[in-house]
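Coordinate analysis (summary)
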Amino acid sequence: MITIFLFFIVILAQVGGEGGAGPNEFLSQGDSALATDQIKEAIAHYEQGISSLTVDDSLVVSLSLHTNLGTALSSAGKAEEAVASYAKAVLLHSDEAEQIEDETTKKEAADIASQASFYLGMTHQELGNPQKAADAYAFANMLDKWHWSSVANLGAVLHDELKQPAEALAAYNKAVEILTQTKVEPTDAPHDPRYILSQLQYRIGLTIIADPKRKCAMQDKPEQEVPCTEMAANAFSLALEYDRDNENARHMLASITADGTMERASTSYVAQLFDDYAGNFEHSLVEELGYNGYERLRRGFDRAFGGRENIPRNFSVVIDAGCGTGLAGEQFRNVSEYLVGVDLSAAIIEESKKARPNLYDKLIVGDVAEVFRKLKPVSLIIAADSYIYFGDLVPVFKAMQEGVGNEGIIAFTLENVSEDFEKSLYETKPDW
């Protein structure tokens, strides 16, 4: 899962002053260069401006020079140097803000420091420093309580990287509160707030169900326990009210309510999910989660024949349904004359080519059911945890039956559910 609330905004400090090659002039020149993608020139101007600073120069100008230098350095791919520049701006504000008497100038300085801390958080995320990113986002919101994107990003880091769903829920709720209140214009308000609110509600739903041991209650009735799945369902429903095209929310709502009307996760949902996940797919699945379903699938296949030595033949056409990076395909290559990998995600197919360049005889980006019918007769269909994205398995089973006919073999895995979830299914969908 990736962070979805990233906004990179160049701060252009509007500070008056006399002409000449002083900090103000260098700041203006740097901003002009940065706005036209002349990154090297922008860096040079900002550095000259910082070198020319004196004790008499405005804190606003100093903060702007360091912050905008950080932006330029980040644009040049110099993330570590950008971190130092953003951090300098934040520390400058902490050291000198109390000396400012003019309230307007004090607020302007705090706003710039808040943006610097926000950008610092973004850059720490890029560098793989989630705790430092979280600290920076929290500090940005402390400086500017209307900075919605800092708490939205804080929630994403806490949930996705630090695995702290309760804290993430608080951050997401705070972002929603900022965007839905009407007293003050949120900092850098989104052009389409309904889209952002939909994404936030979707993520709120995810945090609620992230911990199976979590107990939930309404804020106004903390003593009365409410099923967490109901609260999550409400969040996913709200996400869809804000944006009917939020396929992630639609899929999760169907999943936790056992909605039999939803035959399968939408093609766009699955494709986007794995496009986003592609680069880190195998590392996360195997090394972080300890996944071994592909190995268990092959062991079960061998046992069905009484042992690997008793498998009667090589299979002429084998389809790896939802092939991913080829973990399952690799297990079945030695019994396949012609191995076809199928996946909805073009990005994951590309990762498969990189990870196992000679594994498949053919790779197809598309719907597995269509491929079953197109390539029939199919000798063997394998699917390692691909069918968990189908709510109703009847259509895909029919497609498999049509594909293999009377002679083919099908081997697949399904995901088990917890006892609590099974109980919930019996209560809400007795015929599941």
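Residues numbered from 1 in each chain as written. Predicted model: local features only at pLDDT ≥ 70, side-chain atom pairs only at ≥ 80, totals over all residues. Heavy atoms only, no water.

**Some words on helix α16 (residues 346–355)**
Test applied: Exposure classes here rest on a 1.4 Å probe applied to the protein chains alone. A residue is buried below 20% of its type maximum, exposed above 50%, and partly exposed in between. Only runs of H or I of at least four residues qualify as helices and only runs of E of at least two qualify as strands under DSSP, and these elements are numbered from the N terminus. Here the arc refers to the directions that run from the helix axis out to each C-beta atom.
Those residues of α16 that sit buried are Ile348, Ile349 and Ser352. Take α16 and look down its axis: the buried residues cluster within an arc of 105 degrees, on one side only.

**Notes on the nonpolar core**
Here is the rule: Here the nonpolar core consists of buried residues drawn from Ala, Val, Leu, Ile, Met, Phe, Trp, Tyr and Cys, with membership extended through side-chain atoms lying within 4.5 Å. Here, residues are in contact when the closest pair of their heavy atoms is within 4.5 Å.
Of all hydrophobic cores here, the largest spans 57 residues; its most connected members are Tyr46, Tyr137, Leu200, Tyr202, Ile204, Ile208 and Phe236. Apart from residues no more than four positions distant in its own chain, isoleucine 208 is found in contact with Leu169, Arg214, Cys216, Cys228, Met231 and Ala232. With 20 residues, the next largest nonpolar core counts Tyr291, Ile311, Leu359 and Ile382 among its residues.

**Examining the packing of helix α6 (residues 130–143) against helix α7 (residues 148–161)**
Operational definition: What counts as an axis is a line fitted to C-alpha atoms, over the stretch in contact for a helix, and the angles between N-to-C directions run from 0 to 180 degrees. Should an angle fall under 35 degrees it is called roughly parallel, over 145 degrees roughly antiparallel, and 65 to 115 degrees roughly perpendicular, with every other angle called oblique. Put simply, a crossing is left-handed when the front helix is turned counterclockwise from the back one by less than a right angle, and right-handed when it is turned clockwise.
Two elements in contact, α6 and α7, have axes separated by 8 Å at closest approach and are oriented at 155 degrees. On the basis of the axis angle, α6 is roughly antiparallel to α7. As α6 runs across α7, the sense of the crossing is left-handed. Together, Pro130, Ala133, Ala134, Tyr137, Ala138, Ala140 and Asn141 of α6 and Ser150, Val151, Asn153, Leu154, Val157 and Glu161 of α7 make up the contact between the two elements.

**Some remarks on helix α4 (residues 79–96)**
The condition is simple: Here the expected span of a helix is defined as 1.5 Å times the quantity of residues minus one.
The terminal C-alpha atoms of α4, which comprises 18 residues, lie 26 Å apart, in line with the 26 Å expected from a rise of 1.5 Å per residue. Buried within α4 are the following residues: Ala79, Ala82, Val83, Ser85, Tyr86, Ala89, Val90, Leu92 and His93. Those residues of α4 that are buried lie in contact with α3 (59–75), α5 (103–126) and α6.

**A closer look at the side chain of serine 379**
Within the fold, serine 379 resides in the loop between α17 (368–374) and β6 (380–383). When near neighbours in sequence (up to four residues on either side) are disregarded, serine 379 contacts Phe315, Ser316, Val317, Gly408 and Ile409.

**Focus: the pattern of salt bridges**
As a reminder of what qualifies: Between Lys or Arg on one side and Asp or Glu on the other, a salt bridge is scored when a side-chain nitrogen of the former is within 4 Å of a carboxyl oxygen of the latter.
Counted according to the given criterion, the structure contains eleven salt bridges. Here aspartate 302 and arginine 308 are joined by a salt bridge, their closest N and O atoms 2.9 Å apart. A residue is classified by how much of its surface remains accessible, and aspartate 302, at 8% relative accessible area, is buried. For arginine 308, a relative accessible area of 44% translates into the label partly exposed. Among the ionic contacts, a cluster of salt bridges with common partners joins Arg298, Asp302 and Arg308.

**Focus on the state of the cysteines**
Counted only if it meets this: Two cysteine sulfurs form what is called a disulfide whenever their separation falls within 2.5 Å.
Under the criterion given, the structure shown has one disulfide. Here cysteine 216 engages in a disulfide with cysteine 228; their sulfurs sit 2.0 Å apart. On the sign convention where negative means left-handed, the S-S torsion of about 105 degrees between cysteine 216 and cysteine 228 marks this disulfide as right-handed. Here the residue cysteine 216 occupies a position in strand β1 (residues 216–218), and cysteine 228 occupies one in helix α10 (residues 228–242), the gap between them amounting to twelve residues. Looking at cysteine 228, the relative accessible area reads 13%, which means it is buried.

**Section: the environment of glutamate 241**
Following the sequence through the fold, glutamate 241 ends up in helix α10. Given the relative accessible area of 54%, glutamate 241 is considered exposed. Once the C-alpha coordinates of glutamate 241 and leucine 197 are considered, the two residues, 44 residues apart in sequence, prove to be 9.7 Å apart.

**Remarks on the packing of aromatic side chains**
Put simply, the rule reads: Aromatic pairs are defined between Phe, Tyr and Trp rings, using the six-membered ring for Trp, whenever the two ring centres lie within 6.5 Å; interplanar angles under 30 degrees are classed as stacked, those over 60 as edge-to-face, and all others as tilted.
For the structure on display, the rule yields nine aromatic pairs. When the ring of tyrosine 202 is compared with that of phenylalanine 236, the centres are 6.0 Å apart and the planes differ by 45 degrees; the resulting orientation is tilted. In this pair, tyrosine 202 sits in helix α9 (residues 193–208) while phenylalanine 236 sits in helix α10, placing the two residues 34 residues apart along the sequence. Under the relative-accessibility criterion, phenylalanine 236 is labelled buried at 0%. Taking 5.5 Å as the distance between ring centres and 70 degrees as the angle between the ring planes, the aromatic pair formed by phenylalanine 397 and phenylalanine 412 counts as edge-to-face.

**Observations regarding the confidence of the model for the protein**
Definition in use: pLDDT measures the predictor's confidence residue by residue and takes values from 0 up to 100.
The predicted model of the protein averages 85 in pLDDT, with 83% of residues at 70 or higher. Confidence drops under a pLDDT of 50 for residues 14–19, and excluding neighbours within four residues, the segment shows six contacts in the predicted structure.

**A short note on the packing of α9 against α10**
Our working definition: Any residue that is not Ala, Val, Leu, Ile, Met, Phe, Trp, Tyr, Cys, Pro, Asp, Glu, Lys or Arg is counted as polar, Gly included; the first ten are nonpolar and the last four charged.
Look at α9 against α10: their axes get within 8 Å of each other, and the N-to-C directions meet at 165 degrees. Here α10 runs roughly antiparallel to α9, going by the angle between their axes. The way α9 lies across α10 gives a crossing that is left-handed. For the pair α9 and α10, the contacting residues are Arg194, Leu197, Ser198, Gln201, Tyr202, Ile204, Gly205, Leu206 and Ile208 in the first and Cys228, Met231, Ala232, Ala235, Phe236, Leu238, Ala239, Glu241 and Tyr242 in the second. Broken down by class, the residue content of the contact of α9 with α10 amounts to 13 nonpolar, three polar and two charged.

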